[in-house]
Amino acid sequence: MAAAEVVAERAAGQAGQAGVVQVTLRHTGRLNAMSRAMWQQLRAVFKDIQRSHDVRCVLIEGDGTAFCAGGDISEYPGFRFDAAALREFHEGDVWGGLSAMLDCDVPIVAHIAGACMGAGVEIASCCDVRVAHAGARFGAPIARLGFPMAPREAQLVAGAVGEVTARQMLLEAATFSADEMLARGFLSRVVAGAEEARAEALASACRIAALAPGAARLNKQTLRALKGVPPADTLSGHAPDPYAYADSAEHREGITAFLEKRPPVF
């Protein structure tokens, strides 16, 4: 069975890396696609980091040649076609992991290589500094799978990549190069060589870790406050249920076609 996990390892002990924790997304053979268990592990990892008093910076990356290719679609038939189960997945598992990253006062540097799609863009959107290899690709082509992005996840992504880019990703299933995402303000730096990109991301984490950790945490709290309180839960009042599409024909067709390795018929 393919290894699917989110692991955190201390980089202390290596020259210049004291206070840096490396978080790795690992799903062997699936380009680090996020399983439900991985979302839960992501939440636990960042809750632990937030409680720690000696972590100064986090470096998050994918195992191997990809950052994260999206969600683990092989799991989707087990829960996506029931609205209650679908809601629990997005509001519990996915948002649980993402909100733990957003609530973390420790600076987060992303090293992005290869595929950064869907869930990968969401995770990268939670980071403070994003360093990418020139060969990385970005997008959220879930329109091909017959379902929309969950509301809070869409708000997160649009805030990070910009509304124009978010609309292209979600409506056109457009994907973008690292250079395009740098020009659109999503990336901090693009580095040509794979090893060099990883080294630059680690160097950025070390530079942050060498500075005042209390000030860094306060800066993150201030920047978070400047964004204001997120809008009220879209499920309250008379707002339409954003998960009512769970049992729709196009949702089933999108997932089924992907698993059967054929073009979807919508």
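A brief structural summary.

Reading guide: rules and limits
Here the residue numbering is sequential within each chain, running from 1 through the sequence in written order. Selection of residues for local features in this predicted model requires a pLDDT of at least 70, selection of side-chain atom pairs for listing and counting requires 80 or more, and totals for whole chains, interfaces and linings are taken over all residues. Only hydrogens and water are set aside; all other atoms, that is, all heavy atoms of the structure, feed into the side-chain values. Pairing between two strands requires that DSSP report at least two bridges joining them. Only DSSP runs of H or I covering at least 4 residues are called helices, and only runs of E covering at least 2 are called strands; the numbering of each starts at the N terminus. A fitted line through C-alpha atoms serves as each axis, taken over the contacting stretch for helices, and the angle formed by two N-to-C directions is quoted from 0 to 180°. Three labels apply to residues, based on accessible area from a 1.4 Å probe with only protein chains included: buried if under 20% of the type maximum, exposed if over 50%, partly exposed otherwise in between. A crossover counts as right-handed when, viewed with the strands pointing away from the observer, the path leading from the first strand over the helix to the second turns clockwise.

**Points about the sheet that holds strand β7 (residues 137-139)**
Within a sheet, adjacent strands bond to each other through the backbone by hydrogen bonds, running parallel or antiparallel.
Thinking step 1. Pairing is mixed in the open sheet, where 3 strands are placed in the order β5-β7-β8. Strands with a single pairing partner mark the edges of an open sheet, and in this sheet they are β5 (115-117) and β8 (175-177). Taken over all neighbouring pairs, the strand axes of this sheet differ in orientation by 20 degrees on average, direction set aside.
Thinking step 2. Where β5 lies against β7, 3 bridges are found, and the strand directions are parallel.

**Section: the pairing of strand β2 (residues 20-27)**
Thinking step 1. Among the 8 residues of β2, 7 are classified as buried, and the element is accordingly described as predominantly covered.
Thinking step 2. Sheet analysis places strand β1 (residues 4-10) next to β2, joined by 7 bridges and oriented antiparallel. Looking at the pairing, V7 lines up with T24 of β2.
Thinking step 3. Two strands pair when backbone bridges link them, and β2 and strand β3 (residues 57-62) are joined in this way by 6 bridges, in the parallel orientation. If you follow Q22 over to β3, its bridge partner there is L59.
Thinking step 4. With helix α1 (residues 36-51) bridging β2 and the parallel β3, this β-α-β connection has right-handed handedness.

**Regarding unusual backbone geometry**
Leave glycine aside and you will find that most residues have negative phi; peptide bonds, for their part, are mostly trans.
Thinking step 1. Of note in this structure, N32 is not a glycine but carries a positive phi near 60 degrees.
Thinking step 2. Assignment of secondary structure puts N32 in the loop between β2 and α1.
Thinking step 3. Judged by its relative accessible area of 3%, N32 is buried.
Thinking step 4. In this model, A173 sits at a positive phi of 55 degrees, which is unusual for a non-glycine residue.

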